[in-house]
Structure formats: C-alpha cells, structure tokens
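# Reading the structure
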Amino acid sequence: MACIHSFILPTFRRSLLSFSLIFVLISAFSCSGHASQAPVAVTVRQGGVSGVVVQDNFLGISFELYPFNTLWGESPQQMPTAMENYLSNLRTRINSPLRIRIGGNSMDSAVYVPTQTEMIIVTGDPAADPDDVPVDFGPMLFEVLDAMENVVGQMEFIVGLSMRSSNDTNAIEVARDTRKILGYRLDAMLLGNEPDLYDSHGIRPGYTLQEYITDIGTMLQDLRNSPYGDLIPGAMVGGPTICCDWTLSDVLSAGLSKYSYKYYTVQHYAQSICSGPNPSNENITYFVSHVNVPTYTNWQKQGVQMANDASVPVLVTEYNTVSCGGSNVSDTFAATLWAIDAGLNYASSGMSGAYIHTREYGILYNLFDPPSPETSTEPNWRTGSPYYAALFLSETFIASGSIVVDLNLDNSIYDPAATVAGYALYDRGGVKVKRLVFFNYYRANDTGSESAARNFTLEGGLATTAGVRVLAAPSIYETTDISWAGQTVGLNGELDGTQTTQYYYDCAMGCNITVPGPGAALVLLDDVPGDSEFFTGSSTVAPL
C-alpha cells in the first residue's frame, strides 16, 4: 500500500508580497486505504490509442451578450477586478489562449450600432422573454474584450453574427469592427444561433434547412465581397450552432459541407426547464450517474464523425446542466462533477472544444454573479459551483495535446448503479498515459463518513510516482463549501487557502489513490515536487 506526502503550497496575495511565496511542508506520513468500500481496479491500455487530439484550452466559457456589461464592465476603465481574477485563474493554468465566446439568443436578436458609445442598451422588456432579451450593442464590446486580454493574458474570441433577417448588412458591420478591433484575437465568427429553432420559435416562420443552406451561401458571398473587403479570409466562420430540431449530419449532407468552415458548432444541455420544473430536470441523481453522460455527449455522433473525416473541428459552443436558466440542481456540487465528466466525455467523443455557458445575474447554472447587476465593480461576488469545474478542467489537459479515453470503471458506461467513473489522458501520439481523472459519485448526505471515500487501484508498471489534486465538497447537494486542491474562491474571484498536492511515491508495483466522496481527483503520473506539471502559486491579478 503506497504512502503519501502532502505538499502544501501556501500562496500570498500581492498586497502582502510582490511575488508568490511557495514553500513545502512535508506532513507526517500517512498511508492510503482509508476507504472501506472495495477498491476500484484501474486497467489502462498501454499504447495504440487513437482519437481526436485536444488542446489544453479545450474548455472555454460562453457568455450571453445581454448581461455582458454587468460582468465584464462598461468600458476598459470599469472592468470588475473580480472578473479579471476569475478569468486569470483559468488562463494561468493553460499554455494556450483562453477560449471565450460571446453569443446566445440575445446576440442573434441584437442590433449592432457602430456609433453607439455604450456597450449595451436593452431595447425591450427582459421579463417578456428572459431567454431572448433584445439589445443594441456598440464597438465598446470589442474594446473591453481587447482590454481584458491585456490584463489577464492571451485569449481567443468567438463572436456570433445574426441570421434572423435575410438582410445581412448589420452582420457585415459586426464582422468589420470585430476584425478591426480584435485582430489576431478573433478566433471565428459563428453564423446564426440555433437556426433550427427559427421556425418553432416564430423567428422565421416556416424556415427550412434548405433555406438555411441557401442563406449561408449568400451570407458567405456577402462577407467575402463586402464594401470593406474580404471579411473572412481563409477559414474564419463556424456553424451551424444547432441544438434541437436538426442534426449536424443532416445539415452537412444538405450542403454545409461544401463551404470552407473553420469549425462546425453545436449546442446541448442535459435537461431543459423551458416548460417549467419537472421530475427530470430536478432529478439530482441523473447528474451523478456516469451512465447518462455518454448518451448526452454522443447525440450528434454521426455528424461528428463526418466532421472528423473532413478534418473540421467540432465545438460545443454552449453546454450546461439545464437549459432556460437551470434548476435546483444546477448550482450544486453534483453539477460541478457532471460538468467535468461531460467536458471530458466530449473530449473523448471527437469534439475539439466545449464552452460552458453563463448568463445574467441570478441564473442558477452561472459560473459567477456580481453582488448585483449594478455593482459589478465591487467585491462580494458569488461563485457558482460550475466554476469549480472550469478550474479543474483548466489543469487537466496536457499542454502538448491529449487523447482522452473513458475507462468504463466499474462498467460505469452501462451500469446505472455504478458510483465511480474515470478517464485516461494519453500523449498526442496515443502512446503513453500521462494523466488520470477519477470520480467518486458518493450520493448519501452523511457528511464526514469515512465509508464515502473510494480507493482507485493503479496497476503496477503504470508509473513510479503520482501527484494528486482533489476536488471535494461535503455532499452532492453542497452549493458553496467546495474546494479545489485545498482552495476555495473568494469574494473577489481570488483563490483563498492553501494549495495542496498529495504525492504517492510507491506506485511502481501498484498503489491506491484515495478519492473522497463525493469528489474527483486529477492524477499526474510520474509527477514529483520540484518538477511538477501542476500549476503552483497565485493566479490573482487584482488583489483587494
């Protein structure tokens, strides 16, 4: 049985020191094996693994346009320091640019006013349809994106262009100013948002897939031959950004595949509350049963395979627990674990990126909320449980590229009774396992029970040592008392507490990795202190 050392890495705010002071305290030796349930055997294939190689910025954040100024600020001079910290926490844990998408229904219904000095002006009643709030927006949106990147570090932005009208003049103006202001930071422009719902939502009654393909051809031609020159040189566009009534395979077969696209994009939520609460969207057990995850992530399997065959990356530009604002499950630790599981499963299912969605103040599945929409520049922000999923995933993927494989631990892909799950992350060649992720979906509410922990038994020859960071909470119902590597998120988006990593030194012949229940663990194989691939130090850029 392997013994562990806990390496405690305190971090100090820059208001106290101008740099992060990192030191190591070696705790008293303690052996793994505190879990009373049967160990979970971890069998990992060595070499010969194939799949889509994903980058370390696989996870992005999707922002609804309508409340964007209440989250990122009204101007470069008014950006909330909390948001700077929230984004910096993620950016500093990856080598690639942090992915940000600005879109949603409100982007698709918005009117761009190039002369407008305010970022966003609400032009309709938000209460009339909170899932589609009409706004006007101006170039200040792009100025703030640019300014935030200067503070936080390199980002890449995806911006939506509306297709709700057959007149694309406004979309062309958005494309012109987006490219002009963001420059190389602009990753892509998405043509339309959920056009498969234009008919059923009364946006364009009778709208068909074939009409959409025709409109795409017209819009691409207009963007290339605009009065401002070619606005989409190379492959700069993405789509179809569908969610519900069309399949990706049908859209590609209808004619989208003949156009040069940088990304194919889809959107998907696990459940919906658009028609009100019901037993399905309020069932927390759904979100702690791994058997539900592959079914959820593979809903576009045929289209994803067609895209992979054509070497066009597929992005999930919106995902979260429950569409139309979330349910009573969406702010729990169950949602945290589910968002990580779903993100990893997307990576193992042929996707090249996934953006977790956040909206206006008070939405249950939000990653973060200001004290109020009017006081976002002040501290006392609320951190939503899905933000901890973003933190976890920002440290999970390998900088040089990963192939992610669902390990089907305890037959968890097929057995609804399984309460564990796991993934292996291979190097980009699929030769060597570099990292593992384990889930303990302990569902009871008896906090502190030692029987809640589970041991995951690594086979001999997999690694000689292992570094482990743990995500934990008292129960799956918890909404605030959540920690990642011993730290929690403070009131200004900063990470508080002592950053902790456990190291297992006797794994050559096999060892047990203990994961608290409920919880998840990120395991870096052959990782040692002093030469670790874990992020260490402070990621706070705006201390109080």
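Everything numeric in this text was worked out from a predicted model, so none of it was measured. Throughout, a residue's number is its position along its own chain's written sequence, starting from 1. Side-chain atom pairs in this predicted model are given and counted only at pLDDT of 80 or more, local residue features only at pLDDT of at least 70, and totals for whole chains, interfaces and linings cover all residues. Based on all heavy atoms of the structure, the side-chain values leave hydrogens and waters out of the count.

## Some remarks on the packing of aromatic side chains
Note on aromatic pairs: each is described by the distance of the centres and the angle between the planes. Stacked, tilted and edge-to-face are the three classes assigned to paired rings of Phe, Tyr and Trp, where Trp is represented by its six-membered ring and a pair needs centres within 6.5 Å; plane angles under 30 degrees give stacked, over 60 edge-to-face, the rest tilted. Going through the model one piece at a time under the given rule, you end up with 27 aromatic pairs. Ring geometry for Tyr198 against Tyr207: centres 5.6 Å apart, planes inclined by 45°, an arrangement best described as tilted. Classification of residues uses two cut-offs on accessible area relative to the type maximum, computed with a 1.4 Å probe and protein chains only: under 20% is buried, over 50% is exposed, and between them is partly exposed. Since its relative accessible area comes to 6%, Tyr207 is described here as buried. Between Phe392 and Trp484, the ring centres sit 4.8 Å apart and the planes meet at 55°, which makes this aromatic pair tilted. Within this pair, whereas Phe392 is found in helix H11 (residues 385-394), its partner Trp484 is found in strand E22 (residues 483-484), the two being separated by 92 residues in sequence. Like Trp484, Phe392 is buried. Here a set of aromatic residues connected by ring pairs shows up, and it is made of Phe63, Phe68, Trp72, Tyr86, Phe368, Trp381 and Tyr387. Here a helix means four or more residues in a row that DSSP labels H or I, a strand means two or more in a row labelled E, and each is numbered from the N terminus.

## Some remarks on the pattern of salt bridges
Salt bridge, as used here, is a side-chain nitrogen of Lys or Arg placed within 4 Å of a carboxyl oxygen of Asp or Glu. This structure, assessed with the given rule, holds 16 salt bridges. Residues Asp369 and Arg382 are paired through a salt bridge, measuring 3.1 Å at the closest nitrogen-oxygen approach. Of the two residues, Asp369 sits in strand E15 (residues 368-369) while Arg382 sits in strand E16 (residues 382-383), which places them 13 residues apart along the sequence. A salt bridge links Arg435 to Glu533, with the shortest nitrogen-to-oxygen separation between them at 2.8 Å. Here the residue Arg435 occupies a position in strand E19 (residues 433-440), and Glu533 occupies one in the segment after strand E26 (519-525), the gap between them amounting to 98 residues. On the accessibility criterion, Arg435 (5% relative accessible area) is buried. A relative accessible area of 57% means that Glu533 is categorised as exposed.

## Considering the environment of Val174
Locating Val174 in the fold gives a position in helix H5 (residues 169-182). With relative accessibility at 5%, the residue Val174 sits in the buried group. With 36 residues separating them in the primary sequence, Val174 and Gly138 have C-alpha atoms 9.0 Å apart. Those residues in contact with Val174 that sit more than four places away from it in its chain are Tyr112, Phe137, Phe142, Val159, Gly160 and Leu161. Throughout, a residue-residue contact means that at least one pair of heavy atoms, one from each residue, lies within 4.5 Å.

## Considering the state of the cysteines
When the sulfur atoms of two cysteines come within 2.5 Å, that pair is taken as a disulfide. Evaluation of the coordinates by the stated rule reveals three disulfides. Disulfide partner of Cys243: Cys244, at an S-S distance of 2.3 Å. An S-S torsion of about -105° defines the bridge between Cys243 and Cys244 as left-handed. Judged by its relative accessible area of 11%, Cys243 is buried. Two residues, Cys274 and Cys324, share a disulfide whose sulfurs are 1.9 Å apart.

## Looking at the environment of Gln37
Relative to the elements of secondary structure, Gln37 occurs in the loop between strand E2 (30-31) and strand E3 (40-42). Along the sequence, Gln37 and Arg454 sit 417 residues apart, while their C-alpha atoms lie 6.3 Å from each other.

## Regarding the packing of helix H2 (residues 81-91) against H11
Two measures define how a pair of helices packs: the angle their axes make with one another and the distance between the axes. Between the N-to-C directions of two axes lies an angle of 0 to 180 degrees, each axis being a line fitted to C-alpha atoms and, for a helix, fitted only over the stretch in contact. One can describe the packing of H2 onto H11 by two numbers: an axis separation of 8 Å at closest approach and a directional angle of 30°. Put simply, H2 runs roughly parallel to H11. In contact with Asn85, Tyr86, Asn89 and Leu90 of H2, H11 contributes Tyr387, Ala390, Leu391 and Ser394. In terms of residue class, the contact of H2 with H11 is built from five nonpolar, three polar and no charged. Should an angle fall under 35 degrees it is taken as roughly parallel, and over 145 as roughly antiparallel, whereas 65 to 115 is taken as roughly perpendicular and any remaining angle as oblique. For this classification, Asp, Glu, Lys and Arg are treated as charged, while Ala, Val, Leu, Ile, Met, Phe, Trp, Tyr, Cys and Pro are nonpolar and the rest, including Gly, are polar.

## Comments concerning the side chain of Asp187
As for its placement among the helices and strands, Asp187 is situated in strand E10 (residues 186-191). Of the residues examined, Asp187 reaches a relative accessible area of 5% and is grouped as buried. Whenever two N or O atoms come within 3.5 Å, that pair is a polar contact, provided that in protein one can donate a hydrogen and the other can accept it, and provided that, for residues adjacent in sequence, both atoms are side-chain atoms. In this structure the side chain of Asp187 is engaged in a polar contact, spanning 2.7 Å, whose partner is the side chain of Lys262. Discounting chain neighbours no more than four positions away, the residues touching Asp187 are Glu156, Phe157, Ile158, Met236, Lys262, Tyr263 and Tyr355.

## Considerations on the environment of Ala110
Among the structural elements, Ala110 can be located in the loop between helix H3 (105-109) and strand E6 (111-112). In this structure, the C-alpha to C-alpha distance between Ala110 and Asp222, residues 112 residues apart in sequence, is 20 Å. For Ala110, the residues in contact, after removing those within four places along its chain, are Leu65, Val135, Phe137 and Asn170.

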